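# Structural characterization, general
Chain by chain, the residues:
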Amino acid sequence: MQSDRSRTRADPLRVLIVEDEFLIADYFAGLVEDAGHEVVATVATARETLDLLAAGTEADVVSLDVKIPGGMDGVELGTALRERGGPPFFFVTGSGEPMTRRRCEALSPLAILQKPVDPAAFAAVLQSLRRGAEG
Amino acid sequence: MRILVADDDPDFRHLAVRQVRREFPDDEIVEVGDRAGLDRVLGERPPPGLLVSDYSLNWADGFEILAAVRTLVPDCPAVMFTGTGNEDVAVRAIKSGFDDYVVKSVKQLRRLATACRTAVTRTEARRRLQQHGDLLTHELYHRLHNNLQLVISLISLTARAVADEDAKRKLRDLGQRVGSLSLLQERLYRGGNFAEVDFAAYLRELAGDLAGLNGRGIAVAVTAEDGLLPVDVAVPLGLVANELVTNALKHAFPGKRAGRIAVRLKRRDDRGIVLEVLDDGVGVPESGVGEPGAGMGLVRRLVAQVGGALEMRRREGGGTACRVTVPGPGPTR
């Protein structure tokens, strides 16, 4: 899961989208492309995400839906990514429940975006990563 | 569960304790005979799960004791028993939050146990309902937001698929309208109050989103008096704000022209509101409020729906001023 050193900061970010509703996933993909970045894959479960990364797919950032099927939710997937030294991530959630929010915050993600997401906020998260790389 | 039995008459206290113990054999019963005893037990854990109190003690009355217990456990079940009371006391006991009232006599003692059991059972049922209600609210909220996201996604994907530029633009506007309704919905939920919305907070968020989407050098500043708006006014007015700010962003600054938009929300003495959207752009055509787009038609009808008035004029020195006045129900008492 190490990032490729030959890439430069001018390259578009490679974004992995974890979202089980394909319409929403397609919409997020559109937001990623509008911001000048690329989508490496769209997956629906934690298992697929971990398999993909283990198989060598490289991503600079992961957009994580919190409520996903498959027994492992987005927060648990975030924890797994951290443990494996995976790419940074941000949460996208439809839940406003304080408990879910606290679980998300405990992982200090790049951001926690509330559904329906503000497109400008989505782009800003990617942009912040860009700036972080330059700094 | 810890049960408090408060009475300054030790004989009756023991009788009451015996009855309560028969009904709750596995629970801890703490006798309270004086203020120091009450303070001590309220300082300990676990907090009380049931209060049985006399009406008139020589150092306090049952209402004070109930108030003290309820500062710790707001829904603690409680039963009052007394030999000195009358109907007025009974009514006061129920009104002040006791679940039941039992007359202090040997005959009535069995009823004390039943009253205690009923109070505890009712409180437990209420707590379960409350919990269930919270879960349901969270689940509905999650569904609603996910569905709103689906609607916005569908609109956006359709906008990408159509070739006609005008249709594309209209679909994007539609997506933005749904987005601004979602912001209001979010406010409604977060406030924990489903009848009123923090409209000032909504305006700030909306302005931030719209300015962010626009991505040009146009600053949108919000000056809003804090205050809650009833949801039936907030929803139409929220859409109006969306249209007016969107219009200004689209039409007031042609080309790459930079500029400023001010959004103001003021309260009137009759609790009505004034919403203003001002810009320092090119100004509306002299022919008047002549914007033919779907946006202004929508604004006019929404303003009429809340019984308000819309004024739109050219500002001296350039730009457009829109003012929506919504009369209130009357002056604040």
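Computed from a predicted structure; not experimentally measured. Residue indices follow the written sequence of each chain, beginning from 1 at its first position. All chains are assigned letters beginning with A, and all ligands numbers beginning with 1, in the order in which they are written. Selection of residues for local features in this predicted model requires a pLDDT of at least 70, selection of side-chain atom pairs for listing and counting requires 80 or more, and totals for whole chains, interfaces and linings are taken over all residues. The side-chain values count all of the structure's non-hydrogen atoms but skip hydrogen atoms and water molecules.

### Re the overall build of chain A
The condition that has to hold: Note on conventions: DSSP H or I runs of at least 4 residues are helices, E runs of at least 2 residues are strands, and numbering of each starts at the N terminus. A simple rule labels every residue: compare its accessible area, found with a 1.4 Å probe on the protein chains alone, to the largest value its type can have, and call it buried under 20%, exposed over 50%, or partly exposed in between. Two residues form a contact once any of their heavy atoms are found within 4.5 Å. For the accessible areas, the method is Shrake-Rupley and the probe is 1.4 Å, while residue cover comes only from the protein chains on display.
A count of helices and strands for chain A gives five helices and five strands. A total of 135 residues make up chain A; the buried ones form 47% of that total. A separation threshold of at least 6 residues defines the contact pool for chain A, and within that pool the share at least 24 residues apart is 64%. Taken as a whole, chain A presents about 6,100 Å² of accessible surface, with 49% of it coming from carbon and sulfur.

### Comments concerning the overall build of chain B
Spelled out, the test is: For this measure, only C-alpha atoms enter the radius of gyration; the expected value for a globule follows 2.2 Å times N^0.38, where N is the number of residues. His residues and chain termini do not enter the charge count, which takes Lys and Arg as positive and Asp and Glu as negative. A charged residue contributes its charge at one atom only: NZ of Lys, CZ of Arg, CG of Asp or CD of Glu.
A count of helical and extended segments in chain B gives nine helices and 12 strands. Over its C-alpha trace chain B gives a radius of gyration of 31 Å, far above what one expects of a compact globule, namely 20 Å for 333 residues. For chain B, the spread of C-alpha atoms along the three principal axes comes to 90 × 45 × 30 Å. A total of 333 residues make up chain B; the buried ones form 45% of that total. Across chain B, the fraction of contacts at a sequence separation of at least 24, relative to all contacts at a separation of at least 6, is 67%. Here chain B has roughly 17,100 Å² of accessible surface; of this, 53% comes from carbon and sulfur atoms. Charged side chains of chain B number 47 positive and 45 negative; the gap between the two group centres comes to 5 Å.

### A word on the interface of chain A and chain B
This is how it is decided: Accessible surface is computed with a 1.4 Å probe, and the buried area is the amount of it that two parts give up when combined, taken over both parts together. In the sections that follow, a salt bridge refers to a side-chain nitrogen of Lys or Arg positioned within 4 Å of a carboxyl oxygen of Asp or Glu.
Between chain A and chain B, the contact holds 22 residues from the first and 21 residues from the second. Summing both partners gives a buried area of about 1,900 Å² for chain A against chain B, and 62% of it is carried by carbon and sulfur. Of all residues in chain A, the largest losses of buried area upon contact with chain B belong to Leu23, Tyr27 and Pro116 of chain A, amounting jointly to 30% of the total for that side. Taken together, the links from chain A to chain B amount to two salt bridges. Across the pair Lys67 of chain A and Glu139 of chain B runs a salt bridge whose closest N-O atoms are separated by 3.2 Å.

### Concerning the pattern of salt bridges
All names here are of chain B. A complete count under the given rule lists 32 salt bridges over all chains for this structure. Between Glu64 and Arg35 there is a salt bridge, and its shortest N-O distance comes to 3.5 Å. Taken together, the positions of Glu64 in helix α3 (residues 62-72) and Arg35 in helix α2 (residues 35-43) put the pair 29 residues apart, joining distant regions of the chain. The class for Glu64 is partly exposed, based on a relative accessible area of 42%. Linking Arg204 and Asp226 is a salt bridge whose minimum nitrogen-to-oxygen distance equals 3.6 Å. Of this pair, Arg204 sits in helix α7 (residues 199-214) while Asp226 is found in the loop between β7 (218-224) and β8 (228-230), placing the two residues 22 residues apart along the sequence. Asp226 sits in the exposed class, given a relative accessible area of 59%. Residues joined by salt bridges that share partners form a network here, namely Arg264, Lys266, Glu276 and Arg323.

### Regarding the nonpolar core
We apply this condition: Grouping buried Ala, Val, Leu, Ile, Met, Phe, Trp, Tyr and Cys residues that are joined through side-chain atoms within 4.5 Å yields what is termed a nonpolar core.
Core analysis: the biggest nonpolar cluster contains 44 residues, and Leu237, Ile261 and Leu275 of chain B have the highest contact counts within it. Elements with a contribution of two residues or more to this core: α6 (165-190), α7, β7, α8 (231-252), β9 (259-267), β10 (273-279), α9 (294-305) and β12 (320-326) of chain B. Residue contributions to this core peak at 11 residues, all from α8 of chain B. Counting residues in each nonpolar core, the second largest holds 27 residues, with Leu13, Tyr27 and Phe90 of chain A together with Leu150 of chain B among its members.

### Comments concerning the sheet that holds β7 of chain B
Residue and element names in this part refer to chain B. The line we're drawing: We treat two strands as partners when DSSP finds at least two bridges between them. As a rule, the C-alpha atoms of each element are fitted with a line to give its axis, helices using only the stretch in contact, and angles between N-to-C directions run from 0 to 180 degrees.
The strand order across the open sheet formed by five strands is β7-β9-β10-β12-β11, and the pairing between neighbours is mixed. A strand with exactly one partner marks an edge of an open sheet, and here the two such strands are β7 and β11 (309-314). The average angle at which neighbouring strand axes cross in this sheet is 10°, direction not considered. As defined by bridge partners, β9 adjoins β10 across seven bridges and the pair is classed as antiparallel. Along β10, the bridge assignment pairs Lys266 with Val274. Against the sheet, α7 engages β7, β9 and β10, with an angle of about 180° to β7. Lying on the sheet, α8 is in contact with β7, β9, β10 and β12; it crosses β10 at an angle near 10°.

### Observations regarding the packing of helix α1 (residues 22-34) of chain A against helix α5 (residues 109-161) of chain B
Describing two packed helices takes the angle between their axes plus the distance from one axis to the other. Our working definition: Angular relationships are summarised with four words: roughly parallel below 35 degrees, roughly antiparallel beyond 145, roughly perpendicular across 65 to 115, and oblique for the angles in between. The handedness criterion is simple: a crossing whose near helix is rotated anticlockwise from the far helix by less than a right angle is left-handed, and one whose near helix is rotated clockwise is right-handed.
The geometry of α1 of chain A relative to α5 of chain B is characterised by a closest axis approach of 8 Å and an angle of 55° between their N-to-C directions. With respect to their mutual orientation, α1 of chain A and α5 of chain B come out oblique. Like other packed secondary-structure pairs, α1 of chain A and α5 of chain B cross with a definite hand, here left-handed. For the pair formed by α1 of chain A and α5 of chain B, the contact residues are Leu23, Ile24, Asp26, Tyr27, Phe28, Gly30, Leu31 and Asp34 of chain A on the first element and Asn146, Gln149, Leu150, Ile152, Ser153, Leu154, Ser156, Leu157 and Arg160 of chain B on the second.

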